[in-house]
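# Chains, contacts and geometry: an overview
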Amino acid sequence: MPSRLQQARADETRQALLRVARDLFTEQGYAQTSTEQLVQQAGVTRGALYHHFDSKQALFEAVFIELEEEFIEIGATVISPDAPAWDNLVAGCHAYLDMCLRPEVGRIVLLDGPAVLGPERWRELEDRFALAAVLAGLQQAMDDGTVVPRPPLPLARMVLAAINEAGLFIAQSGKPRTARREAGESLDALLDGLRV
């Protein structure tokens with residue numbers, strides 16, 4: 001069993017790799033980032049990289065998951081137990097669009113994510129994080145009578161697809177702040193169509 005010092009060093013190495021990988025994958029994209037760059041900038045050996053991650057793709061997935069977890073954390077800060085379910089749903093959607101202004105979200109989650117992880121794994125991760133949040137918000141809004149009752153899972157998938165497309169629109173725009181405003185207005189109009 002490793003000592004506390006060994007475990008602390010291993011954790012530091014892993015965090016250094018994740019930090020450098022996030023920066024490089026954001027700046028250069030996955031395809032243009034070499035494992036040599038990753039280990040050099042993290043100040044670790046290639047062996048250390050492969051000790052923590054099976055491959056460059058596994059490292060990418062770990063960064064992707066970190067970003068998804070950050071969204072859940074941010075989403076939790078905009079949701080209030082005292083607010084109506086509809087307000088929380090809309091606030092969560094807008095929090096995600098705000099995150100899409102961050103270059104790492106646009107590049108890693110929306111642009112490179114589906115290609116690097118493959119469509120099945122990308123969707124599996126989106127289901128675990130984003131779909132679960134949208135589904136819960138819609139179900140609560142249906143339960144309180146704000147949204148017309150209908151099968152929640154296909155509806156949540158369609159809403160999530162719209163949110164992802166809005167995020168992609170922001171990420172690919174030469175004027176991201178303008179794109180964020182326009183995407184937010186369009187998403188509001190779309191969501192309003194779900195209300196009773």
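Above: the structure in question.
Everything in this summary refers to the structure shown in the same document. Nothing here was measured: the structure is a model prediction, and the numbers come from that model.

With the rule as written, the count across this model stands at 12 salt bridges. Close ionic contact of arginine 22 with glutamate 104 constitutes a salt bridge, the shortest N to O distance being 3.9 Å. Placement of the pair is arginine 22 in helix α1 (residues 4-28) and glutamate 104 in helix α6 (residues 103-117), with a sequence separation of 82 residues. Pair check on accessibility: arginine 22 and glutamate 104 agree, each one buried. A salt bridge links glutamate 36 to arginine 46; the nearest nitrogen and oxygen atoms lie 2.7 Å apart. Taken together, the residues span a long stretch of sequence, with glutamate 36 in helix α2 (residues 35-42) and arginine 46 in helix α3 (residues 46-52) at a distance of 10 residues. Assessed through its relative accessible area of 35%, arginine 46 is described here as partly exposed. Among the ionic contacts, a cluster of salt bridges with common partners joins Arg22, Glu66, Glu70, Arg102 and Glu104.

Quick look at the side chain of lysine 56 now. Within the secondary structure, lysine 56 sits in helix α4 (residues 56-78). One buried charge, lysine 56, has no salt-bridge partner; the nearest side chain with opposite charge is aspartate 112, at 8.8 Å.

Attention now moves to the side chain of histidine 94. In this fold, histidine 94 is placed in helix α5 (residues 85-99). In this structure the side chain of histidine 94 is engaged in a polar contact, spanning 2.9 Å, whose partner is the side chain of arginine 180. Among all residues touching histidine 94, those that are not within four sequence positions of it are Arg180, Gly184 and Asp188.

Next up on the list: the nonpolar core. Generally speaking, nonpolar side chains in soluble globular proteins are found buried as a group. Grouped together as the largest cluster of nonpolar side chains are 61 residues, with contacts concentrated most on Leu59 and Leu138. When residues of this core are assigned to their parent elements, the largest contribution, nine residues, is made by helix α7 (residues 119-143).

A word on α6. Count 3.6 residues to each turn of an α-helix, and residues three or four apart come out pointing the same way. Of all the bends in α6, the greatest, near 40°, is centred on leucine 111, and the proline proline 114 appears no more than four residues after it. Those residues of α6 that sit buried are Glu104, Val105, Gly106, Ile108, Val109, Leu110, Asp112, Gly113, Val116 and Leu117. On its buried face, α6 is in contact with α1, α4, α5, α7 and α8 (152-171). Phi for glycine 118, located one or two positions after α6, is positive at around 90°.

Summed over the entire model, instances satisfying the criterion amount to four aromatic pairs. Look at phenylalanine 25 and tyrosine 30: their rings are 5.6 Å apart centre to centre, the planes differ by 40°, and that puts the pair in the tilted class. When the centroid spacing of 5.2 Å and the interplanar angle of 85° are considered together, the rings of phenylalanine 71 and tyrosine 96 count as edge-to-face. A residue pair is termed long-range when its members are at least 10 positions apart, and phenylalanine 71 in helix α4 and tyrosine 96 in helix α5 qualify at 25 residues. Look at phenylalanine 71 and you get buried, because its relative accessible area is 10%.

Conventions used here
- Residues numbered from 1 in each chain as written.
- Predicted model: local features only at pLDDT ≥ 70, side-chain atom pairs only at ≥ 80, totals over all residues.
- Heavy atoms only, no water.
- Salt bridge = Lys/Arg side-chain N within 4 Å of Asp/Glu carboxyl O.
- Helix = DSSP H or I, 4+ residues; strand = E, 2+ residues; numbered from the N terminus.
- Buried < 20%, exposed > 50% of the residue type's maximum accessible area, 1.4 Å probe, protein only.
- Lys, Arg positive; Asp, Glu negative; His and termini not counted.
- Polar contact = N/O pair within 3.5 Å; in protein donor to acceptor, adjacent residues only side chain to side chain.
- Contact = heavy atoms within 4.5 Å.
- Core = buried A, V, L, I, M, F, W, Y, C linked by side-chain atoms within 4.5 Å.
- Bend = angle between axes of the 7 residues up to and from the residue.
- Phe/Tyr/Trp six-rings, centres within 6.5 Å; stacked < 30°, edge-to-face > 60°.

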